[in-house]
Amino acid sequence: MWLLLTFSFLLMSAGERGQDGSDKIPRGEACAPHSQPWQVALFERGRFNCGASLISPRWVLSAAHCQTRSMRVRLGEHNLRKREGPEQLRAVSRVIPHPGYAARGHLHDVMLLRLSRPALLSPEVRPVALPTRCPQVGETCVVSGWGLVSGSESRTTGSPESQVSLPDKLHCANISIISAASCSKDYPGCLMDTMVCAGVEGGGTNSCEGDSGGPLVCGGVLQGIVSWGDVPCDTTTKPGVYTKVCRYLEWIRETVKRN
C-alpha cells in the first residue's frame, strides 16, 4: 500500500451506465469543463501537488498528507496549461491538518486551508455541499483530478510499462461506494470507520497518487477525500480508500468557527 503524494491516476473503465442512469465516463476522457466547480488545484512553488474541494468562499478541504511548506490554491481550473478566464489564484493564510492525523495508518487524513481572500463565486467556482448523512453502499459518485491517466493527452509521460500520462485537463471517473466488509478483504486490518472505499467491480477505475486530497462527490455532496490505495494503480483491482467526510463535520464546523 502507498500514500498518495505528488502524482495521480484516474484510470477509467469503458462506458456502462451508472446506477443513477448517468453515462459512465469512458477511458481517459476529461470532465466537461467546469462541471466540478468545487475542484481545487493545490500548488507548491508553482508545481501541481494535490487536489482539494472548495467548501465555502474562504475554506478548502483536502487531505492532511498533502500539506507542504508553501501552498497556493487555484480555483476555476480546467486546463492547467491554459488561461481560460474563470481561474482564481489564492494564497493560503492557515493550514490546519487534523490534530489526530497519523501518516502510518492514514488515520484522520483531512486538512482545512483558509484562503487569504475569499473566492469570488461564479458558475465555474462554487462550494460543494457537505453531507448530512454518510455514504451508502452502491451509491454512484464522481472522483476528479489532474493525475495520471491511461491515454495520450499529457504533460509528462509515464513509464512504457504503465502507459499512463499526466493530463492538462481535469479528468473524472464514475465509481460506486463499496461495502466496508468487501473492502476489508482487500485491506485486512487497515480500514477504520473514518474511511470509505469506492471503485468499480473488477477494478479498472481508480484514483491514485496525486489525486490525493481531491473530491469524491455523490449526488452533489462531498462524501470522500482521496486518501490512499493499492499499487500499481493502473493494474490493481482493489478500490481506492477515501477519508469519510461525514465523520468530520463537527471538526470542520468547530475549526472554521475558531479561525
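Right above here is the structure, for reference.
This section reports on the structure supplied with the text.

Analysis parameters
- Residues numbered from 1 in each chain as written.
- Predicted model: local features only at pLDDT ≥ 70, side-chain atom pairs only at ≥ 80, totals over all residues.
- Heavy atoms only, no water.
- Disulfide = S-S within 2.5 Å.
- Helix = DSSP H or I, 4+ residues; strand = E, 2+ residues; numbered from the N terminus.
- Buried < 20%, exposed > 50% of the residue type's maximum accessible area, 1.4 Å probe, protein only.
- Salt bridge = Lys/Arg side-chain N within 4 Å of Asp/Glu carboxyl O.

### Description of the state of the cysteines
Inference 1: Summed over the entire model, instances satisfying the criterion amount to five disulfides.
Inference 2: Note that Cys31 is cross-linked by a disulfide to Cys172, the S-S spacing being 2.0 Å. What sets the handedness of the Cys31 and Cys172 disulfide is the S-S torsion sign, and at about 105 degrees it is right-handed. Of this pair, Cys31 sits in the loop between strand 2 (10-11) and strand 3 (39-44) while Cys172 is found in strand 12 (residues 171-178), placing the two residues 141 residues apart along the sequence. Per residue, the accessibility class of Cys31 equals that of Cys172, and both read buried.
Inference 3: The disulfide partner of Cys183 is Cys197, and the S-S distance across this bridge is 1.9 Å. Around the S-S axis, the bridge from Cys183 to Cys197 shows a dihedral of about -80 degrees and counts as left-handed.

### Examining the pattern of salt bridges
Inference 1: Going through the model one piece at a time under the given rule, you end up with six salt bridges.
Inference 2: The residue Glu87 makes a salt bridge to Arg83 at a minimum N-O spacing of 3.9 Å.
Inference 3: A salt bridge links Lys244 to Asp193; the nearest nitrogen and oxygen atoms lie 3.6 Å apart. Of this pair, Lys244 sits in strand 17 (residues 240-244) while Asp193 sits in the loop between helix 1 (180-186) and strand 13 (195-199); the two residues are 51 residues apart in sequence, bridging distant segments of the chain.
Inference 4: The class for Lys244 is buried, based on a relative accessible area of 11%.
Inference 5: Within this structure, Asp193, Lys244 and Arg247 form a network of salt bridges that share partners.

Honestly, it's all geometry; don't read function into it.
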